[in-house]
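Next come the chains, spelled out residue by residue.
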Amino acid sequence: ITKAWLDTALYTALVGLSFPQLEPSVNLAAWSSIFDAAERHNRPGEFTAFIGYEWSAWGDSNREHQHRNVIYRGAGVSTQPFSALDSEDPEALWRFLAREAAEGREAIAISHNANLSAGRMFAKRSYSGETLDTGYAALRNRFEPLSEIFQIKGQSEAHPLLSRGDEFADFEVTSMSFFRRESKASLKGSYARSALLSGLWCSRETGFNPFQFGMIGSSDSHNASSPDEEDNYHGKLPMLDGTAGLRTNQATFVPNRFTPARRWGSGGLAAVWAEENTRESLFDAMQKREVYATSGPRIRVRFVGAFLNSFVDSFVGNSADGLDAEREQPYRAEVTNPAFDSGTPMGGLLRPTGESSPPSFLLSALKDPLGANLDRLQIIKGWVDAEGVTHERVFDVAGSGQRRLDPQTHRLAPIENTVDALRGRYRNTVGAKMLGTVWTDPDFDRTQTSFYYARVLEIPTPRWSTYDAVALGVTPMQPVSIQERAVTSPIW
């Protein structure tokens, strides 16, 4: 009996069980209970509770995590959810949502935990192995406009093996499964940045882009709470990680190899730029991709783009070198600045006009009032060259303190790490409360299709595992500190 055989047998016993079709009456009762709970707690303008469910497909090998979260716009919902028991093909789900929309019941799907999909979430072929076409792209972009990039089971923004020029890609990276090794091919279809690049390549080669999606975060907690704060992390599954001892493998009978909680993060949050806190307004903003993700902090981010030179001049406090120090003007002056209303917001398509000037991007961020200061603002660019080769580059566009931008690399030196791992503390004596700038692409080529999205980094703070180690009086695991962040939806 080989170790690989044991791995497979245990995985099948734990995860790969085959469940029979649910009893319809039980299914309907559960759906009715979800509906009633959401209706009972929904308070328009104060607290929004959506009606929704998880479509939980595992793929042919029971190792390809292709889950989606389905969210309805209002109280008009299907009689019964379309689940993975009906079909594990995501196109079947999207077609179901199209039929629902035709009857006035609008809903969207949000891809969930792409990092565990074995490359299937953003594959260049359909679930059935067919070449992607315009119909596929139209269905996916209409009914799956968002992708979750932060959650407890790791991040799905970028992977260090795919983005070697991005030193911040090595953040809460979780293995694809406990028993399966990753390959570069499987990683490419599992991370959002690679998917966005694949979408650009498809657009150039075929005229359509099947991967135009916005970015959000979520908790994925199964204990009816949101454990996204590092210093108040209480786990995802109580039997696996409900205590500090279980999470750090100090008090468990399960060998470390089979304790994934050590590699899990603390989850994320979805931020939505909506006109009001109602189902309809929030849903419409999500459908337009005017959203961003955070790894837990409530960082406030604005990101818009334009081809107009006047757009640059209208920004309050813009500096000549594109690197602004912390400013003390009230943030309200920033969010009401006319420049934010004159450009294309995150999630949108910025189309060139007759002018020859490169695009400019206005980016502003405010720290979480209860959290850490900000280290820097970044813009990530992806593009396809004349030979059809995809590229990506990370630009530091604003930073705290007196650090200067390297004119060759467009990067800043690391900020001081003030974390005291033995006490589980950090000092908020470095970084900025607010950062903002206008950045113009120095390498813009009008013949290339491209995308841009923003990333905001906090200063280093203790990871949840460091807080747990302090509570238990043990040596903290690595990494002892992390840089929490916000990531916006792209502008294409």
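The rules behind each value
Residues numbered from 1 in each chain as written. Predicted model: local features only at pLDDT ≥ 70, side-chain atom pairs only at ≥ 80, totals over all residues. Heavy atoms only, no water. Salt bridge = Lys/Arg side-chain N within 4 Å of Asp/Glu carboxyl O. Helix = DSSP H or I, 4+ residues; strand = E, 2+ residues; numbered from the N terminus. Buried < 20%, exposed > 50% of the residue type's maximum accessible area, 1.4 Å probe, protein only. Expected span 1.5 Å × (residues − 1). Contact = heavy atoms within 4.5 Å. Polar contact = N/O pair within 3.5 Å; in protein donor to acceptor, adjacent residues only side chain to side chain. Pairing = 2+ DSSP bridges. Axes fitted to C-alpha atoms, helices over the stretch in contact; angles between N-to-C directions. Patch = residues over 30% accessible without salt bridge, like charges linked within 9 Å, V, L, I, M, F, W, Y side chains within 5 Å. Areas by Shrake-Rupley, 256 points an atom, 1.4 Å probe, with all protein chains shown as cover. Lys, Arg positive; Asp, Glu negative; His and termini not counted. Charge placed at Lys NZ, Arg CZ, Asp CG, Glu CD. Phe/Tyr/Trp six-rings, centres within 6.5 Å; stacked < 30°, edge-to-face > 60°. Lys NZ or Arg CZ within 6 Å of the ring centre and 35° of its normal. Core = buried A, V, L, I, M, F, W, Y, C linked by side-chain atoms within 4.5 Å.

**Q** Please clarify how the pattern of salt bridges should be interpreted in this entry.
**A** Where charged atoms from two side chains of opposite charge approach closely, those side chains can pair. Counted under the stated rule, the structure contains 28 salt bridges. For Arg 455, the salt bridge identified is with Glu 157, shortest N-O distance 3.3 Å. With Arg 455 in strand E15 (residues 450-458) and Glu 157 in the loop between strand E5 (154-155) and helix H5 (184-188), this residue pair connects regions lying 298 residues apart in the sequence. The exposure classification of Arg 455 matches that of Glu 157, with both residues buried. For Arg 463, the salt bridge is made with Glu 172, and the minimal N-O distance between the two is 3.1 Å.

**Q** What is the right way to read helix H3 (residues 90-102) from this model?
**A** It helps to recall that an α-helix has 3.6 residues per turn; residues three or four apart then point in one direction. Relative to the 18 Å expected for 13 residues at 1.5 Å per residue, H3 spans 18 Å between its end C-alpha atoms, a close match to the ideal helical length. Within the sequence span of H3, burial applies to Pro 90, Glu 91, Ala 92, Leu 93, Trp 94, Phe 96, Leu 97 and Glu 100. Elements in contact with the buried residues of H3: strand E1 (52-55), strand E2 (68-72), strand E3 (107-111) and helix H4 (134-143). Of the residues that open H3, the one with a side-chain oxygen 2.9 Å from the backbone nitrogen of Glu 91 is Asp 89. Once H3 ends, the next one or two residues include Gly 104, with phi positive near 90 degrees.

**Q** Whenever I open this one, helix H9 (residues 279-287) confuses me. Can you help?
**A** Along H9, the positions that sit buried rather than exposed are Arg 279, Ser 281, Leu 282, Phe 283, Ala 285 and Met 286. Elements that come into contact with the buried residues of H9 comprise helix H2 (24-41), E2, E3, strand E4 (146-151), strand E7 (269-272) and strand E8 (291-294).

**Q** Would you take a moment to explain the sheet that holds strand E9 (residues 300-306) for this structure?
**A** Read from one edge of the open sheet, four strands run E10-E9-E11-E14, paired in antiparallel fashion. Of all strands in the sheet, those bounded by a partner on one side alone are strand E10 (344-345) and strand E14 (434-440). As defined by bridge partners, strand E11 (residues 360-366) adjoins E14 across seven bridges and the pair is classed as antiparallel. If you follow Leu 362 over to E14, its bridge partner there is Val 438.

**Q** Just checking my understanding: could you explain the sheet that holds E8 for this structure?
**A** Remark on secondary structure: sheet strands pair via backbone hydrogen bonds, oriented parallel or antiparallel. The six strands are arranged E7-E8-E18-E15-E12-E13 in an open sheet whose pairing can be described as antiparallel. Edge positions in the open sheet fall to E7 and strand E13 (390-399), since each of these has one partner strand only. Pairs of neighbouring strands in the sheet enclose a mean axial angle of 20 degrees, with direction left out of account. Judged from the four bridges that link them, E7 and E8 form a sheet pairing that is antiparallel. By the bridge assignment, Leu 269 is partnered in E8 with Thr 294.

**Q** So what exactly am I meant to see when it comes to a positive patch on the surface here?
**A** A surface patch of like charges, here positive, comprises Lys 124, Arg 164, Lys 184 and Lys 188. Among the structural elements, Lys 184 can be located in helix H5. What makes Lys 184 exposed here is its relative accessible area of 51%.

**Q** Sorry if this is basic, but what is going on with the packing of aromatic side chains here?
**A** The relative placement of two aromatic rings is captured by the distance of their centres and the angle of their planes. Within this structure, the stated rule accounts for 15 aromatic pairs. By way of ring pairs, the aromatic residues Phe 303, Phe 361, Phe 395, Trp 439 and Tyr 452 are connected into one cluster. Against the face of Trp 201 rests Lys 124, its NZ or CZ located 4.6 Å from the ring centre. Cation over ring: Arg 485 sits above Phe 171, and NZ or CZ is 3.9 Å from the ring centre.

**Q** Is there a simple way to explain the environment of Lys 236 in this structure?
**A** Relative to the elements of secondary structure, Lys 236 occurs in the loop between strand E6 (214-217) and helix H7 (238-241). Sequence separation between Lys 236 and Ile 152 is 84 residues; the distance between their C-alpha atoms is 7.2 Å. Filtering out sequence-adjacent residues up to four positions away, Lys 236 remains in contact with Ile 152, Lys 153, Asp 220, Ser 221, His 222, Asn 223, Asp 241 and Trp 264.

**Q** I tried to follow the pairing of strand E18 (residues 485-488) on my own but got confused; where do I start?
**A** A regular strand places its side chains on the two faces of the sheet in alternate fashion. Of the two faces of E18, the one holding Arg 485 and Val 487 and the one holding Ala 486 and Thr 488 are both buried throughout. Sheet analysis places E8 next to E18, joined by three bridges and oriented antiparallel. Its bridge partner lying in E18, Tyr 292 is registered against Thr 488. Summarising the sheet, E15 and E18 pair through three bridges and their orientation is antiparallel. In the strand pairing of E18, Leu 457 is matched with Arg 485.

**Q** What's the story with the nonpolar core in this structure? I'm lost.
**A** The nonpolar side chains of soluble globular proteins are, as a tendency, buried together. The biggest cluster of nonpolar side chains holds 48 residues, and the ones touching the most others in it are Tyr 53, Leu 93 and Met 215. Discounting residues that sit within four places of it in the chain, Tyr 53 has contacts with Trp 31, Arg 68, Asn 69, Val 70, Tyr 72, Pro 81, Phe 82, Leu 93 and Phe 96. In terms of nonpolar packing, the next biggest core, distinct from the first, is built from 25 residues, Phe 361, Ala 365, Ala 454 and Ala 486 among them.

**Q** Can you walk me through unusual backbone geometry in this structure?
**A** Excluding glycine, residues mostly carry a negative phi; peptide bonds, for their part, are mostly trans. A cis amide bond links Gln 478 with the next residue in sequence, Pro 479, at an omega value of -5 degrees. The topology assignment puts Pro 479 in the loop between helix H13 (464-472) and strand E17 (481-482).

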